[in-house]
Amino acid sequence: MKQSLKTDVAIVGGGIVGASAALALRHMGLQVVLLERDLCGSRSSGVNYGGVRRQGRPISQLPLAQRAHRIWGRLPELIGTDGEYLRSGHFKIARSEVDLAALEHYREQSRDFDLGIELLSGQRLRERCPWLGGRAVGGSLCAEDGQANPRLVSPAFARAAQRAGAQIFERTPLDEVAHDGQLFTLRSGNALEVRAPVMLNCAGAWAGAIASQFGEAVPLQSGHPAMAVTEPLPHFMDWSLGVEGGGVYCRQVARGNLVLGGGAGVALDADRARSGRDAIAALAVQAIELLPALRHASFIRTWSGTEGYLPDRQPVLGPSQTTPGLIHGFGFAGAGFQIGPAVGEVLAELARDGRSSTPIEAFAIERFQSAAVPATAH
Amino acid sequence: VTEPALQPVIVGAGPAGVRAAQALVAHGLRPVLIDEAGRAGGQIYRRPPANFQRSPKTLYGFEAPRATAVHAALEAVQDRIDYRPDSLVWNAQGGLLDVLHGPTRTTHSVPYRQLIVATGATDRVLPVPGWTLPGVYTLGGAQVALKFQGCAIGTRVVFMGTGPLLYLVAYQYARAGVDVAAVLDTARLADQFAAVPAMLSQPAVFLKGVYYVAWLRAHGVALHGGVRPLRVLGDAHVSAVSWHDGTGERTLECNAVGFGYALRSETQLADLLGCRFAFAPLHRAHLPERDRAGRSSVPGVYLAGDGAGIMGADAAEWAGERAALALLADHGIEVDPARAQALERRLDKLSGFRRGLERAFPFPQDWAAHAPDELVVCRCENITAGELRDTVRACGADEMNRLKALSRVGMGRCQGRMCGVAAAEILAHATGQPVQQVGRLRGQAPIKPIPIQLASAPAQGVGT
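This text gives an overview of the structure that appears in the document. (Residues numbered from 1 in each chain as written. Chains lettered and ligands numbered in written order. Predicted model: local features only at pLDDT ≥ 70, side-chain atom pairs only at ≥ 80, totals over all residues. Heavy atoms only, no water.)

Some remarks on the overall build of chain B
- Of the regular secondary structure elements, chain B holds 14 helices and 23 strands.
- Against the 2.2 N^0.38 benchmark of 23 Å for 464 residues, chain B shows a C-alpha radius of gyration of 22 Å, consistent with a compact globule.
- With the C-alpha coordinates aligned to their principal axes, the bounding extent of chain B is approximately 70 × 55 × 40 Å.
- Across the 464 residues in chain B, those meeting the buried criterion constitute 57%.
- Looking at chain B alone, contacts between residues at least 24 apart form 67% of all its contacts between residues at least 6 apart.
- Taken as a whole, chain B presents about 18300 Å² of accessible surface, with 53% of it coming from carbon and sulfur. (Helix = DSSP H or I, 4+ residues; strand = E, 2+ residues; numbered from the N terminus. Rg over C-alpha atoms; globule rule 2.2 N^0.38 Å. Buried < 20%, exposed > 50% of the residue type's maximum accessible area, 1.4 Å probe, protein only. Contact = heavy atoms within 4.5 Å. Areas by Shrake-Rupley, 256 points an atom, 1.4 Å probe, with all protein chains shown as cover.)

Okay, here's the thing in structure tokens:
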């Protein structure tokens, strides 16, 4: 073995969750080793839409989202860059009175969290956003939600953790892990062996194998968002847009490009995916309907990623039920970017204290115990 | 003869694609031939609009017989193929090509069972400060302006860079009556002398090159070797070029510049098709792998012409025909083995000449070391060499896709087709790695920008 390390916490996965956990653990003074099989923040954490949004999340996620909101507010001090983070507002569009009622209902449900949601419709809607297509009848604005550049933010968390003293190994896949009752032993080929009493499973869409190995398989599936971007256009829109009931989402970045997502891409294999032709075509129709000005624009690039989804579209976040020291944080159903930094802090608390100061009961892995597929032999 | 398992599609109607189509027709098939241009011929034998009157001799010079032959070959089979000009392949997925038809602004899917990828090449660009000024063109762009539209890029033009195209374009411009102020070659005369033995394996081609140089010299065009371009000067438009000649800085007034460093392969389609790539030192590029017959790593996908490695127009004709024969043979259709062997022998023989060309016009390996921080590398996104170096320093980027993600290089309209080579050189130099180690930008659809509004047109199959 070329290198053998003993540490307090071993982290598998250098996405925004694993990297922010590493940073939080270093702030607590714990030793951290992180293994990333590719480059930190190069997968879903780095290629997602870049929405930084609390509005519309399940109510059970709002405590985490609020905690994350505070972290996002001090991003430069925390990771040394603003990552193009803007509290630009997030506007969720209603295309019918039924949609509008659903948005109204969400505002009531989330009232305790003081998200500052404002409903717009009719004349006020047209005044605020003359660029919006005719099918929008109203919408719900969360002015303090926003957007950021995931390509910059997620790798920056890993670099910040590294500067704070975390040992980060990129291009270092986890090939083998064992637990002897006290310590986990993680191996990557003949290059690296890491021993630690605590292991964080932050392996995103690929986290299921670790859970399975430790006897708590979960029905984790991969999803692939279809994404596309236009050439730069004159700036006309501050808000990040979503649509009630799902469908297209869209934001205009500082450079002027419009980033759009919606529908599902196509998996090339277990690790790679692209936007497919059908998804691009559907996205084009919806984009023009949403923002008629886009009928004159071009798509210059499309892409996708590989995200982990559980059937209830809630993450698994919390301690293992089978193995002391194993803590899971994965399966964010394409919505992990905003809460990622808070999840990292929660994982760090769980690693150090065994409990979290933010409620996470809704995300416990045991919710799948009855429905779980049998653990496969490793 | 045609069996249902055969449904060949050719992408690109340059010399490779046309000869491939001809060979398939000769064996009783009716291929689909998709071409981005309105008229066949590719970049090298690009044809002017139909109502233009200039003769092939004027347009193509020594290459006129070959150009005419390629055009005639296409015309001879045109009613036996499904020819689709003005059609850009922008995506490939699951046995279908997505094709944008320019004039009708519609996109449709074309199914294929076998595919010959003959996507050609563009200029290899190593930028120089000032290259984004109006009046600066690539060598290929300068040539297309002349060939396609009968236009010159300026009235007093400097050509610079290196490669055989440098002297050819200068010659063509001078013959067309343009004042060619100078030809600035980063290669040294000594490089060219050293390459003579290898290049004599293709005496006719070699002599053409010698002729262009001699003609330019005889007509008083200043030829400078061993130069290092420093900058293109001008406020709103090119007004001069300056370079280092080994002893000092020199400046020359002009109102247009054509520059380039040989060609680079257009490999995006091969990438989207899943072809395996490898670094090819001769081409200093990651290229889709092909066997001697043109088979890629993906069954049913064949590669021909400059799109899989720059070998020139003659080689493209042979490789196109050879790939078609391989396609036929792979699907049980009898082909003449002697013909296949003869084509392979010709292609093999050319590889010695190709190495000679690389010696005569070597890639300027010190380009990145001399590129100043303020040099714009990515003109779409206005990313400078200094920003790329900062990204390497601050973020530890050591691979092209990472550099792109962190710096925006290659994220604009060209998607790295123009700036990718230069960015890789800067990255390799800044990280102290050989250029093959920094990888290549992943291909992502669309291969070129597609209007959003027509991305939703109804699907359409072969023959509709």
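Side note on the pattern of salt bridges
- Counting across every chain of the model gives 51 salt bridges over all chains.
- Where Glu289 of chain B meets Arg276 of chain B, a salt bridge forms, and the shortest distance between an N and an O atom there is 3.0 Å. Of this pair, Glu289 of chain B sits in the loop between β19 (285-288) and β20 (301-303) while Arg276 of chain B sits in the loop between α8 (268-272) and β18 (277-280), and the two are 13 residues apart along the sequence.
- Taken together, the shared-partner salt bridges connect Arg67, Arg74, Glu77, Glu345 and Glu349 of chain A into one network. (Salt bridge = Lys/Arg side-chain N within 4 Å of Asp/Glu carboxyl O.)

Description of the sheet that holds strand β3 (residues 82-84) of chain B
Residue and element names in this part refer to chain B.
- Taken in spatial order, the 5 strands line up as β3-β2-β1-β7-β20 in an open sheet, and their pairing is parallel. One side of each edge strand has no neighbouring strand; the edge strands of this open sheet are β3 and β20. Each neighbouring strand pair of the sheet contributes to a mean axis angle of 15°, computed without reference to strand direction.
- Here helix α1 (residues 15-26) sits on the sheet and contacts β1 (8-11), β2 (32-34) and β7 (114-117); the angle it forms with β1, its principal contact strand, is near 160°.
- Its contacts with the sheet place helix α9 (residues 313-330) against β1, β7 and β20, and it is angled at close to 155° to β20. (Pairing = 2+ DSSP bridges. Axes fitted to C-alpha atoms, helices over the stretch in contact; angles between N-to-C directions.)

Overview of the interface of chain B and chain A
- Every contact between the two is made by 35 residues of chain B and, on the other side, 34 residues of chain A.
- Across the chain B/chain A interface, buried area totals approximately 2800 Å², and carbon plus sulfur atoms make up 49% of it.
- The interface formed by chain B and chain A contains 5 salt bridges.
- Close ionic contact of Arg277 of chain A with Asp98 of chain B constitutes a salt bridge, the shortest N to O distance being 2.6 Å.
- Taken together, the connections running from chain B to chain A amount to 17 residue pairs in polar contact (both at pLDDT 80 or more).
- Note that strand β21 (residues 298-303) of chain A and strand β23 (residues 450-451) of chain B share 2 bridges and pair antiparallel. If you follow Ser298 of chain A over to β23 of chain B, its bridge partner there is Pro451 of chain B. (Buried area = accessible area lost by both parts, 1.4 Å probe. Polar contact = N/O pair within 3.5 Å; in protein donor to acceptor, adjacent residues only side chain to side chain.)

A short note on helix α4 (residues 139-149) of chain B
Residues and elements named next belong to chain B.
- Along α4, the residues that are buried comprise Leu139, Gly140, Ala142, Gln143, Ala145, Leu146 and Lys147.
- For α4, the secondary structure elements touched by its buried residues are α2 (56-60), β8 (121-123), β9 (136-138), β10 (156-162), α5 (164-175) and β16 (256-261).
- Just downstream of α4 lies Gly150, where phi reads positive at about 65°.

Digging into the sheet that holds strand β12 (residues 222-224) of chain B
Residues and elements named next belong to chain B.
- With respect to topology, 5 strands assemble into an open sheet ordered β9-β16-β10-β11-β12, the strand pairing being parallel. The sheet is open, and its two borders are formed by β9 and β12, each paired with just one other strand. Within the sheet, the average angular offset between the axes of one strand and its neighbour, ignoring direction, is 20°.
- As paired elements, β9 and β16 share 3 bridges and run parallel to each other. When the bridges of β16 are listed, Val136 appears paired with Val257.

Quick word on the packing of aromatic side chains
- All chains considered together, the criterion is met by 17 aromatic pairs over all chains.
- When the centroid spacing of 5.2 Å and the interplanar angle of 70° are considered together, the rings of Trp72 of chain A and Phe337 of chain A count as edge-to-face. In this pair, Trp72 of chain A is assigned in helix α3 (residues 62-73) and Phe337 of chain A in helix α10 (residues 336-353), connecting sequence segments 265 residues apart. Summarising the burial analysis for this pair, Trp72 of chain A and Phe337 of chain A share the class buried.
- Both rings, one in Tyr167 of chain B and one in Phe361 of chain B, keep their centres 6.2 Å apart while their planes meet at 40°; by these two values the pair is tilted. Of this pair, Tyr167 of chain B sits in helix α5 while Phe361 of chain B sits in the loop between α10 (337-360) and α11 (367-370), and the two are 194 residues apart along the sequence. Neither residue differs from the other here; Tyr167 of chain B and Phe361 of chain B are each classed as buried.
- Three or more aromatic residues link up through ring pairs in this structure, and these residues are Phe62, Tyr171, Tyr211, Tyr212 and Trp215 of chain B.
- We note Arg37 of chain A situated over the ring of Trp206 of chain A; from NZ or CZ to the ring centre the distance is 4.3 Å. (Phe/Tyr/Trp six-rings, centres within 6.5 Å; stacked < 30°, edge-to-face > 60°. Lys NZ or Arg CZ within 6 Å of the ring centre and 35° of its normal.)

Observations concerning the side chain of Arg84 of chain B
- Within the fold, Arg84 of chain B resides in strand β3.
- Polar side-chain contacts of Arg84 of chain B include one of 3.0 Å to the side chain of Asp82 of chain B.

Considering unusual backbone geometry
Residues and elements named next belong to chain B.
- Omega for the peptide link from Ala445 to Pro446 comes to -5°, which places this bond in the cis form.
- Its place among the elements puts Pro446 in the loop between α14 (420-431) and β23.
- Its identity is not glycine, yet Asp86 carries a phi of approximately 55°, on the positive side.
- Its location among the elements puts Asp86 in the loop between β3 and β4 (87-93).
- The phi dihedral of Ala262 falls on the positive side, at around 65°, and the residue is not glycine.
- Within the secondary structure layout, Ala262 lies in the loop between β16 and β17 (263-265).
- Here Ala262 falls in the partly exposed class, since its relative accessible area comes to 28%.

Quick word on the nonpolar core
- Ranked by size, the top nonpolar core spans 79 residues in total, and within it Ile116, Phe159, Tyr173, Val183 and Leu216 of chain B carry the most contacts.
- Among the elements that make up this core, the one with the highest residue count is α9 of chain B (11 residues).
- Sequence-distant contacts of Ile116 of chain B, defined by excluding residues within four places in its chain, comprise Val9, Ile10, Val11, Ala20, Leu24, Tyr302, Ala304, Ala323, Ala324 and Leu327 of chain B.
- Core analysis: the next-biggest nonpolar cluster, separate from the first, contains 55 residues, Val9, Val32, Leu200 and Phe337 of chain A among them. (Core = buried A, V, L, I, M, F, W, Y, C linked by side-chain atoms within 4.5 Å.)

Side note on the pairing of strand β15 (residues 249-253) of chain B
Residues and elements named next belong to chain B.
- The element β15 is largely exposed, with a buried count of 0 among its 5 residues.
- Examined bridge by bridge, strand β14 (residues 240-244) and β15 share 5 bridges and lie antiparallel to one another. Each residue of the ladder has a partner; that of Ala240, found in β15, is Glu253.

A word on the packing of α9 of chain B against α10 of chain B
Residues and elements named next belong to chain B.
- Direction vectors running N to C along α9 and α10 enclose 145°, while the axes themselves pass 9 Å from each other. Seen from above, α9 lies across α10 with left-handed handedness. Touching Ala315, Trp318, Ala319, Glu321, Arg322 and Leu325 of α9 are Arg339, Ala340, Leu343, Glu344, Arg346, Leu347 and Leu350, all from α10.
- Considering only residue class, the contact of α9 with α10 consists of 8 nonpolar, no polar and 5 charged. (Left-handed = near helix turned anticlockwise from the far one by under 90°. Nonpolar A, V, L, I, M, F, W, Y, C, P; charged D, E, K, R; others polar.)

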